[in-house]
Amino acid sequence: MNQSQAPVGVFDSGVGGLSVLREIRQLLPNESLLYVADSGHVPYGEKSAEYIRERCVLLTEHLLAQGAKALVLACNTATAAAAAELRERYPQLPIVGMEPAVKPAAAATRSGVVGVLATTGTLKSAKFAALLDRFASDVRVITQPCPGLVECIEAGALQAPATRELLQGYVEPLLAEGCDTLILGCTHYPFLKPLLHSLVPDSVSLIDTGAAVARQLQRLLGQHELLATQPAQPTRYWSSGDIQRMQAVLPLLLGEQAQVHVF
Ligand code: DGL
């Protein structure tokens, strides 16, 4: 097969990376996609960087064995823990990682106060500290780890009262501090946008990086002359967790039904 027609491998600790996958599909409809949800090991946000790195190597090996021409780490926590090691291990492989949208948020805020919703792992990472040093010197940034939220999304409980209560507890202190811009620094959280819109005033902007990741993938594939020109094959899915559950959640998150394979 012509290498440019090979698929792009995408992974996350669970189903959160599907928020990035849908942006990739929209921008690059010819790209065939492989998606692995490491839902048997979710949440990454509360695990050590070393544990996450080991998982990321296994996921990458699987995607390479399936013929992936490029890799998208559709997970902020995995990027912070493992992107550098993966780039070192696979120097020929185009790899796109992601990080919370601090730069666009700092440019967008009018109140000068930005809130970051992300996992404990992302917020504790050296990569995140460097991001703040680089782009947030002129604004006040308030970070909010959100334990428990990822599990709600994994269960497809996007509008459940318990999810609402948990989210409200995380968002209210940020609003009380005057945040007018909230960064969704975990790929699971964009699926809570409808709920978030009911909890925050219209004047508060919600920023995530899914679309920017898709654009970065487009640039990288272009540089490597790997952009697909023929129509995409259907996306193939794997999960290390509960297969039935992912099959049940896919229509809620992506509006499609598909078979999920065991990873
Ligand atoms: N979706 C992931 C992220 O973007 C991590 C969720 C988790 O497993 O804690 O950070």
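A. How the structure looks around the nonpolar core. Core analysis: the biggest nonpolar cluster contains 56 residues, and Leu 18, Ile 24, Val 72, Tyr 189, Leu 217 and Tyr 237 have the highest contact counts within it. Contacts of Ile 24, omitting those with residues within four sequence positions, involve Val 10, Pro 29, Leu 33, Val 72, Ala 214 and Leu 217. Leu 63, Cys 75, Ala 82 and Leu 86 belong to the second-largest nonpolar core, a separate cluster that totals 22 residues.

B. The pairing of strand E3 (residues 70–73), seen in detail. Alternating residues of E3 divide into Ala 70 and Val 72 and Leu 71 and Leu 73, and every residue in both groups is buried. Where strand E1 (residues 8–12) and E3 come together, four bridges link them in parallel fashion. When the bridges of E3 are listed, Gly 9 appears paired with Leu 71. By the bridge criterion, two bridges tie E3 to strand E4 (residues 95–96) in an arrangement that is parallel. Note that in E4 the partner of Val 72 across the bridge is Val 96. Between the parallel elements E3 and E4, the chain passes through helix H3 (residues 76–89) in a crossover that is right-handed.

C. Inspection of the site of the ligand at higher detail. Around the ligand, the surrounding shell holds 14 residues, and the nearest of these are Ser 13, Tyr 44, Gly 45, Asn 76 and Thr 77. Asn 76 has a polar backbone atom sitting 2.8 Å from an oxygen atom of the ligand. At a separation of 2.6 Å, an oxygen atom of the ligand approaches a polar side-chain atom of Thr 77. Contact with the protein chains removes 99% of the 300 Å² of surface that the ligand exposes when unbound. When grouped by side-chain class, the residues that make up the shell around the ligand number six nonpolar, seven polar and one charged.

D. Broad picture of the sheet that holds strand E5 (residues 113–118). The four strands lie next to each other as E6-E5-E7-E8, forming an open sheet whose pairing is parallel. Sheet topology places strand E6 (140–145) and strand E8 (205–207) at the edges, where each strand pairs with a single neighbour. Averaged over all pairs of adjacent strands, the angle between their axes in this sheet comes to 25 degrees, without regard to strand direction. In the sheet, E5 pairs with E6 via six bridges, with the strands oriented parallel. Paired with Ala 118 across the two strands is Pro 145, which belongs to E6.

E. Highlighting unusual backbone geometry. The peptide bond linking Val 42 to Pro 43 adopts the cis configuration, its omega dihedral lying at 0 degrees. Tracing the backbone through its elements, the reader meets Pro 43 in the loop between strand E2 (33–37) and helix H2 (49–65). With a phi close to 50 degrees, Glu 225 is a non-glycine residue in the positive phi region. Within the fold, Glu 225 resides in the loop between helix H10 (210–223) and strand E9 (236–239).

F. Up close: the state of the cysteines. In the structure shown here, the tally under the stated rule is zero disulfides. Looking at the unpaired Cys 146, the closest cysteine sulfur is the one in Cys 186, lying at 8.1 Å. Here Cys 146 falls in the buried class, since its relative accessible area comes to 4%.

G. Representation of the pattern of salt bridges within the structure. Summed over all chains, the structure comprises eight salt bridges. In this structure, the salt-bridge partner of Arg 110 is Asp 180, at a minimum N-O distance of 3.7 Å. On the criterion of sequence distance, the pair formed by Arg 110 in the loop between helix H4 (102–108) and E5 and Asp 180 in the loop between helix H8 (161–176) and strand E7 (181–184) is long-range, its members being 70 residues apart. Classification of Arg 110 by relative accessible area gives exposed; the value is 59%. With a relative accessible area of 8%, Asp 180 lands in the buried category. With its nearest N and O atoms 3.0 Å apart, the salt bridge here joins Asp 208 to Lys 193. With Asp 208 in the loop between E8 and H10 and Lys 193 in helix H9 (residues 193–199), this residue pair connects regions lying 15 residues apart in the sequence. A residue is classified by how much of its surface remains accessible, and Asp 208, at 23% relative accessible area, is partly exposed. Given the relative accessible area of 27%, Lys 193 is considered partly exposed.

Cut-offs applied
Residues numbered from 1 in each chain as written. Predicted model: local features only at pLDDT ≥ 70, side-chain atom pairs only at ≥ 80, totals over all residues. Heavy atoms only, no water. Core = buried A, V, L, I, M, F, W, Y, C linked by side-chain atoms within 4.5 Å. Buried < 20%, exposed > 50% of the residue type's maximum accessible area, 1.4 Å probe, protein only. Contact = heavy atoms within 4.5 Å. Helix = DSSP H or I, 4+ residues; strand = E, 2+ residues; numbered from the N terminus. Pairing = 2+ DSSP bridges. Right-handed = clockwise from strand over helix to strand, strands pointing away. Near = heavy atom within 4 Å. Polar contact = N/O pair within 3.5 Å; in protein donor to acceptor, adjacent residues only side chain to side chain. Areas by Shrake-Rupley, 256 points an atom, 1.4 Å probe, with all protein chains shown as cover. Nonpolar A, V, L, I, M, F, W, Y, C, P; charged D, E, K, R; others polar. Axes fitted to C-alpha atoms, helices over the stretch in contact; angles between N-to-C directions. Disulfide = S-S within 2.5 Å. Salt bridge = Lys/Arg side-chain N within 4 Å of Asp/Glu carboxyl O.

Remember that the coordinates give geometry; whether it matters functionally is a separate question.
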